[in-house]
Amino acid sequence: GAPRGLLSRGVALVRRMGLPPVLAVAAPIAMLGSWFLYCRLALGLELGPLTALRQGWGHQSAWPWQVIADSVQSIATGQKSEEFANLLVVVVIVALLPFMARRLPAPWTVYIVLALALSLDNEPHYTPLMSLMRYAVILVPVFAFVASLRLPQWAWWLLGAAAAAAQGLLVDMYVHHLFVG
């Protein structure tokens, strides 16, 4: 399918450049380590950007089941209406994981599992799953999986209309709950 073709083109590009394949893994890790070092030395943040998350947004470590339980409680008590969409994103991604494992290259599925696990092991004070629906937008393997599906044209139109309606609803919620009151 399309994702495997994209991966093989990426590997071919790395080979044509004469770079060792391990560089594809080592370079991002080195860049992340450099960012943490910069944050510590130049900004005085002991744990780099993690310290900023804790101080600025109130992030704290939590077990995934606790984050999910707090999210459900937040929805049940009506504290934050956007939390329903965040929890729905978690449910959809978890439901798609077995299908992704069969259809996508293994590293892509592992990436999704790790990204979701990292999202569920900390809890901000604002909402338990704060910004998870925005974070899911950058999980490229999810979109690669959806793009590889052989859906009829009417299903793609339905997905597009649902996405547009959800975007409008989220903008409305943001404007009315954060700006107007």
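It should be emphasised that the depicted structure is a prediction, and the values quoted were computed from it without experimental measurement.

Some words on the overall build of the chain
In step 1: Of the regular secondary structure elements, the chain holds 9 helices and 2 strands.
In step 2: Taken from the N to the C terminus, the helices and strands of the chain come in the order α-α-α-β-α-α-α-β-α-α-α.
In step 3: The buried share of the chain, reckoned over its 181 residues, is 25%.
In step 4: Considering only residue pairs separated by 6 or more positions, the chain has 67% of its internal contacts joining residues 24 or more positions apart.

Observations regarding the side chain of glutamate 83
In step 1: By the secondary structure assignment, glutamate 83 is in helix α5 (residues 83-103).
In step 2: Filtering out sequence-adjacent residues up to four positions away, glutamate 83 remains in contact with Ser71, Ser74, Ile75, Thr127, Pro128, Leu129 and Met130.

Concerning the packing of α5 against helix α8 (residues 140-148)
In step 1: Contact geometry of α5 with α8 gives a least axis separation of 10 Å together with a crossing angle of 70°. Classified by the interaxial angle, the pair formed by α5 and α8 is roughly perpendicular. For the element pair α5 and α8, the recorded crossing hand is left-handed. Residue-level inspection shows Ile93, Leu96, Phe99, Met100 and Arg103 of α5 in contact with α8, the latter providing Val142, Phe145 and Ser148.
In step 2: Residue composition of the contact of α5 with α8, by class: 6 nonpolar, 1 polar and 1 charged.

Describing the nonpolar core
In step 1: Counting residues in hydrophobic clusters, the biggest one holds 22 residues, and the most contacted among them are Ile93, Met100, Ile112, Leu129 and Leu139.
In step 2: Ignoring any residue separated from it by four or fewer positions in sequence, one finds leucine 129 in contact with Val67, Ser71, Glu83, Asn86, Leu87, Val90 and Leu120.

What to know about α8
In step 1: Looking only at α8, the buried set comprises Pro141, Val142, Ala144, Phe145 and Ser148. One face of α8 carries all of its buried residues, which in axial projection span an arc of 160°. Residues Val140 and Ala147 are exposed on α8 and point more than 90 degrees away from its buried face.

Section: the confidence of the model for the chain
In step 1: Taken as a whole, the chain shows an average pLDDT of 78; of its residues, 79% reach a score of 70 or greater.
In step 2: Element-level pLDDT for the chain is lowest in helix α1 (residues 2-16), with a mean of 62, against a maximum mean of 87 in α5.

Some words on a nonpolar patch on the surface
In step 1: The grouping of Leu32, Trp35, Tyr38 and Leu43 at the surface amounts to a nonpolar patch, some 440 Å² of accessible area in total.
In step 2: Here tryptophan 35 shows up in helix α2 (residues 23-43).
In step 3: According to the relative accessible area criterion, tryptophan 35 is partly exposed, its value standing at 43%.

Examining the packing of helix α6 (residues 106-120) against α8
In step 1: Where α6 contacts α8, the two axes come as close as 9 Å, and the packing angle between them is 130°. Classified by the angle between their axes, α6 and α8 sit oblique to one another. In the packing of α6 onto α8, the handedness of the crossing is left-handed. When α6 is examined against α8, the residues Trp108, Tyr111 and Ile112 are found in contact with a partner set consisting of Pro141, Val142 and Ala144.
In step 2: Of the residues that constitute the contact of α6 with α8, the class distribution is 6 nonpolar, no polar and no charged.

Points about the packing of aromatic side chains
In step 1: Here the structure, examined in full by the defined rule, presents 2 aromatic pairs.
In step 2: Aromatic pair tryptophan 35 and tyrosine 38: ring centres 5.7 Å apart, planes at 25°, arrangement stacked. Highlighted residues: tryptophan 35 and tyrosine 38, both in helix α2, separated by 3 residues, approximately one helical turn.
In step 3: The partly exposed category is assigned to tyrosine 38, whose relative accessible area is 44%.
In step 4: Between tryptophan 63 and tryptophan 65, the ring centres sit 5.1 Å apart and the planes meet at 5°, which makes this aromatic pair stacked.

Criteria and cut-off values
- Residues numbered from 1 in each chain as written.
- Predicted model: local features only at pLDDT ≥ 70, side-chain atom pairs only at ≥ 80, totals over all residues.
- Heavy atoms only, no water.
- Helix = DSSP H or I, 4+ residues; strand = E, 2+ residues; numbered from the N terminus.
- Buried < 20%, exposed > 50% of the residue type's maximum accessible area, 1.4 Å probe, protein only.
- Contact = heavy atoms within 4.5 Å.
- Axes fitted to C-alpha atoms, helices over the stretch in contact; angles between N-to-C directions.
- Parallel < 35°, antiparallel > 145°, perpendicular 65-115°, else oblique.
- Left-handed = near helix turned anticlockwise from the far one by under 90°.
- Nonpolar A, V, L, I, M, F, W, Y, C, P; charged D, E, K, R; others polar.
- Core = buried A, V, L, I, M, F, W, Y, C linked by side-chain atoms within 4.5 Å.
- Arc of directions from axis to C-beta.
- pLDDT = per-residue confidence, 0-100.
- Patch = residues over 30% accessible without salt bridge, like charges linked within 9 Å, V, L, I, M, F, W, Y side chains within 5 Å.
- Areas by Shrake-Rupley, 256 points an atom, 1.4 Å probe, with all protein chains shown as cover.
- Salt bridge = Lys/Arg side-chain N within 4 Å of Asp/Glu carboxyl O.
- Phe/Tyr/Trp six-rings, centres within 6.5 Å; stacked < 30°, edge-to-face > 60°.

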